[in-house]
Amino acid sequence: MGFGLFSLLSAVAMDTFTDDPGNKTDYSVTFYMFLAFMLVSLGFLFFLDDWSTGPSVAFLEGVSELLSHLHLVIFLFAVLLLGAYDGAGDTFMYWHLKDLGASQTVIGINMFVRTVVEVPLFLVSGWFIDKIGHVWALQLSFVVFALNFLGYSLIGNPWWAVLIDVIHGYQAITWTAATSYASVSARDDLQAVAQGIVSATFYGLGYGVGNLVSGPVFHHYGAVGLFRSLTVCCLVGFVLFYLLYRCYGKRGVCTDPDTEEEDTAPMLVSAAVMPKPGAFLHGGSVTTEAGETLGSLRIVRPQSKQDGNEIRQFSP
């Protein structure tokens, strides 16, 4: 809400305080607004009493531990691609709208709509991911980006971008799926590292790669050529992620319904400790499919009392 609301306010302020009747916008007012809000935010920080965090490990050690899981690496690869698409869209879509004659107010309304739509989707994202699973939730993001870029390439009036960007609100589910998958894939002491990796992959590396690659395409082929190329790239990314995860990263994640049928027994017990007829369980090693030890299991054979106080163990 804050992102969209103040994008709209700053856009209106730029159009209001721009004296030049041409298309040269005075951006200085937005920097003054930024400075004012940063000072207010800094003031609120002084009222925070508890700065404590949960237990964590060394950053490089945590990164090494998380990246040792192939399924998470493949998932982060998809996050990287989506970050590249988002970075390219955020940079060159607004440039495209300015070329179509959009005012700062139109651009601000566009940003306001795309962010406000995310609010209800954030609220239902948990239910949605429970229904289709983390992997399919992320895969649908490729389709949504493709539709976005295809729409951008077809419009001639900047106001149409406001309508197209309604579906951009799906990014709320994209982000929820990415962060929650990293959370369920990491130990308790690696939660902060996992979220840092996801954010750095999407907003850091992804945005950088997207802008670096898209810049020359935009320069040589224009906005239409760029957005149609990105549409194809999104569909290629969809297929690539689907094949990689299904072939090499399939793992029983508790919220993925498509894994329940294949992974009906998530706790695997070695045959060496399986109980024999006539035996009962007293407590041997029980592990998940990912190799995490959950507890121990021990077989105790029945005993009986024979001839007074003599105790003899039954033979198998």
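Predicted model only: the values in this text are computed from it and were never measured. (Residues numbered from 1 in each chain as written. Predicted model: local features only at pLDDT ≥ 70, side-chain atom pairs only at ≥ 80, totals over all residues. Heavy atoms only, no water.)

Participant: Outline helix α10 (residues 191–249), listing residues and values.
Facilitator: Under the 1.5 Å per step criterion, the end-to-end length of α10 is only 20 Å for 59 residues, more than 12% shorter than the ideal 87 Å. At G222, α10 shows its maximal kink, close to 125°. (Helix = DSSP H or I, 4+ residues; strand = E, 2+ residues; numbered from the N terminus. Expected span 1.5 Å × (residues − 1). Bend = angle between axes of the 7 residues up to and from the residue.)

Participant: Run through a nonpolar patch on the surface, naming residues and quoting values.
Facilitator: On the surface, a nonpolar cluster with roughly 1000 Å² of combined accessible area is contributed by L35, L39, V40, L42, F44, L45, F46, F47 and L48. Looking at the element boundaries, L48 is found in the loop between α2 (28–45) and α3 (59–66). (Patch = residues over 30% accessible without salt bridge, like charges linked within 9 Å, V, L, I, M, F, W, Y side chains within 5 Å. Areas by Shrake-Rupley, 256 points an atom, 1.4 Å probe, with all protein chains shown as cover. Salt bridge = Lys/Arg side-chain N within 4 Å of Asp/Glu carboxyl O.)

Participant: Talk me through the packing of α3 against α10; I want residue IDs and the actual numbers.
Facilitator: Running from amino to carboxyl end, α3 crosses α10 at an angle of 75°, the nearest separation of the two axes being 9 Å. Comparing their axes, α10 and α3 come out roughly perpendicular. Of the residues in α10, those in contact with F59, G62, V63 and L66 of α3 are V193, A194 and I197. For the contact of α3 with α10, the residue count by class is six nonpolar, one polar and no charged. (Axes fitted to C-alpha atoms, helices over the stretch in contact; angles between N-to-C directions. Parallel < 35°, antiparallel > 145°, perpendicular 65-115°, else oblique. Contact = heavy atoms within 4.5 Å. Nonpolar A, V, L, I, M, F, W, Y, C, P; charged D, E, K, R; others polar.)

Participant: I'd love a proper account of the side chain of T174, names of residues and values included.
Facilitator: The topology assignment puts T174 in helix α9 (residues 171–185). Not counting residues up to four positions away in its chain, the partners in contact with T174 are L82, L138 and S141.

Participant: Break down the nonpolar core for me, citing the residues and quoting the values.
Facilitator: Grouped together as the largest cluster of nonpolar side chains are 49 residues, with contacts concentrated most on L66, Y85, L97, F149, F227 and F241. Of all the elements in the fold, those that place two or more residues in this core are α3, α4 (70–99), α5 (104–116), α7 (134–154), α8 (159–164), α9 and α10. What F227 contacts, discounting residues up to four positions off in sequence, is F92, M93, H96, F149, Y152 and S153. Of all hydrophobic cores here, the second largest spans six residues; its members include A137, Y170, I173 and A177. (Core = buried A, V, L, I, M, F, W, Y, C linked by side-chain atoms within 4.5 Å. Buried < 20%, exposed > 50% of the residue type's maximum accessible area, 1.4 Å probe, protein only.)

Participant: Pulling in residues and values, what's your account of α3?
Facilitator: Residues spaced three or four apart along an α-helix point in a common direction, a consequence of the helix completing one turn every 3.6 residues. Turning to α3, its buried residues are G62, V63 and L66. Taken around the axis of α3, the buried residues stretch over an arc of 100°, which confines them to a single face. For α3, the exposed residues lying more than 90 degrees away from the buried face are L60 and E61. Residues of α3 that are buried make contact with α4, α9 and α10. (Arc of directions from axis to C-beta.)

Participant: Which residues make up the confidence of the model for the chain, and what values do they have?
Facilitator: The predicted model of the chain has a mean per-residue pLDDT of 78, with 73% of residues at 70 or higher. Strand β7 (residues 310–313) is the least confidently modelled element of the chain, averaging 40 in pLDDT, while α7 averages 95, the highest of any element. Below pLDDT 50 for its whole length, residues 257–316 participates in 79 contacts with residues either more than four positions away or in separate chains. (pLDDT = per-residue confidence, 0-100.)

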